[in-house]
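# Understanding the architecture of this molecule
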Amino acid sequence: MNLALWLQRAAQTGPTRPALFNGFELVADYAAFFNRAACLAGWLRAQGVTADDRVGLFMKNQPDYLVALFGCWIAGAAVVPINAKLHGKEAAWILQDAGAKLCLASPVLADAITDGNLRVVGLNSVDFTADPLPVSDRQADDLAWLFYTSGTTGRPKGVMITHRMLATMTFSYFTDVEPVTPDDATLYAAPMSHGAGLYCLMHVLKAARHIHPPSGGFDEAEIFDLARYHDRVQMFAAPTMVKRLVQVGKARGEDGAGLRSIIYAGGPMYQADIIEAVELFGPKFIQIYGQGECPMGISALSRHDVADRHHPRWSERLASVGRAQSPIELAIGDEAGNLLPIGRVGEVMARGDTVMSGYWQAPEATAKTLVNGWLRTGDMGSLDADGYLTLRDRSKDLIISGGTKIYPREVEEVLLTHSGVAEVSVIGRPDPEWGEDVVAFVVRTDEAAVTPAELDAHCQSQIARFKRPKDYFFVPELPKNNYGKVLKTELRSRFMGET
């Protein structure tokens, strides 16, 4: 089934329902949304785009992002969304690897790709008056979205995401995250090339509203104002975005009015941060855990579990990423992929209808990641008897000092409870005697001048001595990729040249 049928049905059942907003301004109802996408599909067909072609989307967040997305699907093509923050050369590499027929780009981004072998078309050059195209016939296992990983450890890989995977992800959202009604809205403050864009589907299916901030990105004050105006607003956010919302919300006296829910994922959410967020905004938060290889769909921590402070094990559950989503089997494996018992730490493995079929034109990488039907996530974690999954770290981030395993996140959680620490990242540093020792990169809070001695004493009061950092490095900010994830590889490189 072609996912574009959901837009067509929304236009049939609720043609005058408000669909696309640019800030406070209504841009299109569902009839206009579908017609514009169908006309774009007609224009694509006139450019030679046919079923099974790939079309790049190098666009900033804007109402026409969804028009381009569904226009490609109506034409039968798969989309290749590219983060608008990437350099033109990085975008060009992705387009070449994907074999994209052409690329639709925001006008300002079109000029950033200078490779003459690629056809890049600014949206201002697209003829939206072309004859509309009927929705193309697609099979459930046809490619819908070619997602390129963030590439923190080398060239990104293209994850093949099918119509079936995205449909299953959508149905799982209704079951495991929250229901959506036509009166609801979703706000795109995170890149639409990633999770925020994927979450358009449940809102299209229910003919809900789609709000694009005029800033084109994440502006805390703008989000509060838009949520108050539109009401019943859902948004996807990385943990760093949640923390910034809390900081600005406290300064402005905001209580989260108009925000229905904030779905957070994409990196570790430290317990102190989410507790503060719930205290300020109330029970609006839901955590999901997924990867590009299993988009948005491995596990979910419910709104109740995030807000609960009465269950005897509420703290342990809040430190988890919840339970397996409905279409997924979860397991913990050892280095050989053998299943481990409840409570043991190992590699998180998942299988089900939201797991990818493989990487684009990368059979060796696929074979390493999909083993005996299981997706090997590369994340270390454990399952408890109630099915809650607690992540420790990425397997490559595990520190082994003197033969003892140390999970950086445990140390980071402790350091973040100190009032003088705004952000922290812990890594292993090569050591000739112990193999590795623990070091911490710390961003201090504005009003604090915390010292290494104070942080050392703080750690010793809460965790074993061997886990505490041997050195603290105070930095103005932590290096992050375009999705807000801390680049520990970059932090490690500072020491690789020194030892």
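Notes on the structure in this doc start here. For clarity, every value in this text was computed on a predicted model and none was experimentally measured. (Residues numbered from 1 in each chain as written. Predicted model: local features only at pLDDT ≥ 70, side-chain atom pairs only at ≥ 80, totals over all residues. Heavy atoms only, no water.)

### Side note on the overall build of the chain
Threshold: Each helix is a run of H or I in the DSSP string that is no shorter than four residues. Each strand is a run of E no shorter than two, and both are numbered from the N terminus. Each radius of gyration is computed over the set of C-alpha atoms, and the globule rule expresses the reference value as 2.2 Å times the number of residues to the power 0.38. Any residue under 20% of the maximum accessible area for its type is buried, any over 50% is exposed, and the rest in between are partly exposed; the area is computed with a 1.4 Å probe on protein chains only. Any two residues whose heavy atoms approach within 4.5 Å at even a single point are treated as in contact. For the area figures, the Shrake-Rupley method with a 1.4 Å probe applies, and any residue is considered shielded solely by the protein chains shown.
When its secondary structure is counted, the chain shows 17 helices and 25 strands. For a compact globule of 499 residues, the expected C-alpha radius of gyration is about 23 Å, and the chain comes in at 23 Å, within 12% of that figure. Along the first, second and third principal axes, the C-alpha atoms of the chain reach 70 × 50 × 45 Å. Here the chain holds 499 residues, and 57% of them are scored as buried. For the chain, the share of sequence-separated contacts (at least 6 apart) that also reach a separation of at least 24 residues comes to 68%. Accessible surface, the chain: about 20,100 Å² in total, of which carbon and sulfur atoms supply 50%.

### Examining the side chain of Ser-320
Inspection of the secondary structure assignment puts Ser-320 in the loop between helix H13 (314-318) and strand E15 (323-324). Residue class for Ser-320 comes out buried when judged on its relative accessible area of 2%. If near-sequence neighbours (up to four positions away) are discounted, Ser-320 is found in contact with Gln-287, Leu-301, Tyr-388, Leu-389 and Thr-390.

### Details of the sheet that holds strand E2 (residues 25-29)
Convention followed: Pairing between two strands requires that DSSP report at least two bridges joining them.
Pairing within the open sheet is mixed, and its nine strands lie in the order E2-E1-E10-E9-E11-E12-E13-E14-E15. Either end of the sheet is taken by a strand with one partner, and the two such strands are E2 and E15.

### Looking at the pattern of salt bridges
Proximity of charged atoms lets side chains of opposite charge pair with each other. Defined as follows: The term salt bridge refers to a pairing of a side-chain nitrogen on Lys or Arg with a carboxyl oxygen on Asp or Glu at a separation within 4 Å.
In total, this model carries 30 salt bridges according to the counting rule given. Several salt bridges converge on common partners, so that one network encompasses Glu-178, Asp-184, Arg-232, Arg-260 and Arg-303.

### What about the sheet that holds strand E23 (residues 421-431)?
Sheet strands pair via backbone hydrogen bonds, and the direction of the pair is either parallel or antiparallel. The condition that has to hold: Only the stretch in contact is used when fitting a helix axis, every axis being a line fitted to C-alpha atoms; angles between N-to-C directions are given from 0 to 180 degrees.
Spatial ordering of the open sheet is given by E23-E24-E25, a layout of three strands whose pairing is mixed. Both outer strands of the open sheet, E23 and strand E25 (471-474), are each paired with one neighbouring strand and no more. On average, each strand axis in the sheet is tilted by 25° relative to the strand beside it, whichever way the strands run. Strand direction decides the pairing type here: E23 and strand E24 (residues 435-444), joined by 10 bridges, are antiparallel. Bridge pairing in E24 places Arg-429 opposite Asp-437. Along the sheet, helix H16 (residues 452-460) contacts E23, E24 and E25; its crossing angle with E25, the most-contacted strand, is approximately 130°.

### As for the environment of Lys-470
Along the chain, the position of Lys-470 falls in the loop between H16 and E25. C-alpha separation for the pair Lys-470 and Pro-452, spaced 18 residues apart in sequence, amounts to 9.5 Å. For Lys-470, the contacting residues outside a window of four places in its chain are Arg-429, Asp-437, Val-438 and Arg-465.

### Some remarks on unusual backbone geometry
In this model, Ala-207 sits at a positive phi of 55°, which is unusual for a non-glycine residue. Among the residues examined, Ala-207 registers a relative accessible area of 7% and is labelled buried. Of note, Asn-372 is a non-glycine position whose phi angle comes to about 55°, a positive value. Within the secondary structure, Asn-372 is located in the loop between strand E18 (370-371) and strand E19 (374-383). For Asn-372, a relative accessible area of 70% gives the class exposed.

### Thoughts on the layout of surface pockets
The condition is simple: As defined here, a cavity is a set of points on a 1 Å grid over the protein atoms alone where a 1.4 Å probe fits but cannot get out. A pocket is an open set with protein on both sides within 12 Å along at least five of seven lines, and residues line them when an atom is within 4 Å of a point. Grid points are joined across faces, edges and corners, and a volume is the space filled by probe spheres set on the points.
The calculated volume of the second largest pocket comes to roughly 450 Å³. For the second largest pocket, the lining is made up of 19 residues, of which Glu-316, Ala-319, Thr-390, Leu-391 and Arg-392 are closest to its centre. For the lining of the second largest pocket, the secondary-structure elements that each account for two or more residues are H13, E19, strand E20 (389-394) and helix H15 (408-415).

### A look at empty space enclosed by the protein
The tally for this structure, following the rule as stated, stands at one cavity of 30 Å³ or more. Within this model, the largest cavity holds a volume of roughly 40 Å³. Every residue along the wall of the largest cavity is listed here: Tyr-264, Met-269, Ile-274, Gln-287, Leu-318, Ala-319, Ser-320 and Arg-409.

### Points about the pairing of strand E8 (residues 158-162)
Across the five residues that make up E8, a large majority, four, are buried. Two elements, strand E7 (residues 143-148) and E8, share five bridges in a ladder whose sense is antiparallel. Looking at E8, one finds that Tyr-148 is bridged to Gly-158.

### Comments concerning the packing of aromatic side chains
Aromatic ring pairs are reported here in terms of the distance separating the ring centres and the angle at which the planes meet. Applicable threshold: The aromatic pairing rule takes the rings of Phe, Tyr and Trp, using the six-membered ring of Trp, and pairs them if the centres are within 6.5 Å, calling planes under 30 degrees apart stacked, those over 60 edge-to-face and the rest tilted.
Considering all chains together, one arrives at 12 aromatic pairs under this definition. With centroids separated by 5.2 Å and ring planes inclined at 80°, the aromatic side chains of Phe-70 and Trp-73 adopt a geometry described as edge-to-face. Here the residue Phe-70 and the residue Trp-73 both occupy positions in helix H3 (residues 63-74), the gap between them amounting to three residues, near one helical turn. For the pair shown, Phe-70 and Trp-73 are each scored as buried. Measuring from centroid to centroid gives 6.4 Å for Trp-93 and Tyr-148, while their planes differ by 90°, and the two rings are edge-to-face.

### Here we look at the packing of helix H2 (residues 30-46) against H3
Condition: The scheme is simple: roughly parallel for angles under 35 degrees, roughly antiparallel for over 145, roughly perpendicular for 65 to 115, oblique for anything else. Should the near helix be turned anticlockwise from the far one by less than a right angle, the crossing is left-handed, and should it be turned clockwise, the crossing is right-handed.
Their axes nearest at 8 Å, the elements H2 and H3 cross at an angle of 55°. Taken together, H2 and H3 sit at an angle that is classed as oblique. Relative to H3, the crossing made by H2 is right-handed. Across from Phe-33, Phe-34, Arg-36, Ala-37, Ala-38, Leu-40, Ala-41 and Leu-44 in H2, the residues of H3 making contact are Asp-64, Leu-66, Val-67, Ala-68, Phe-70, Gly-71, Cys-72 and Ile-74.

### A word on the nonpolar core
Going by this rule: Remark: nonpolar core denotes a set of buried residues (Ala, Val, Leu, Ile, Met, Phe, Trp, Tyr, Cys) joined through side-chain atoms within 4.5 Å.
Ranked by internal contacts, the top residues of the largest apolar core, which has 108 residues, are Phe-33, Phe-70, Trp-73, Leu-104, Leu-166, Met-235 and Phe-285. Sequence-distant contacts of Trp-73, defined by excluding residues within four places in its chain, comprise Asn-2, Leu-3, Ala-4, Val-79, Ala-144, Trp-145, His-163, Leu-166 and Leu-201. Counting residues in hydrophobic clusters, the runner-up holds 21 residues, among them Phe-58, Ile-113, Leu-143 and Leu-146.

### What about the environment of Ala-385?
Here Ala-385 shows up in the loop between E19 and E20. Each C-alpha atom of the pair Ala-385 and Thr-13 lies 45 Å from the other, and the pair is 372 residues apart in sequence.

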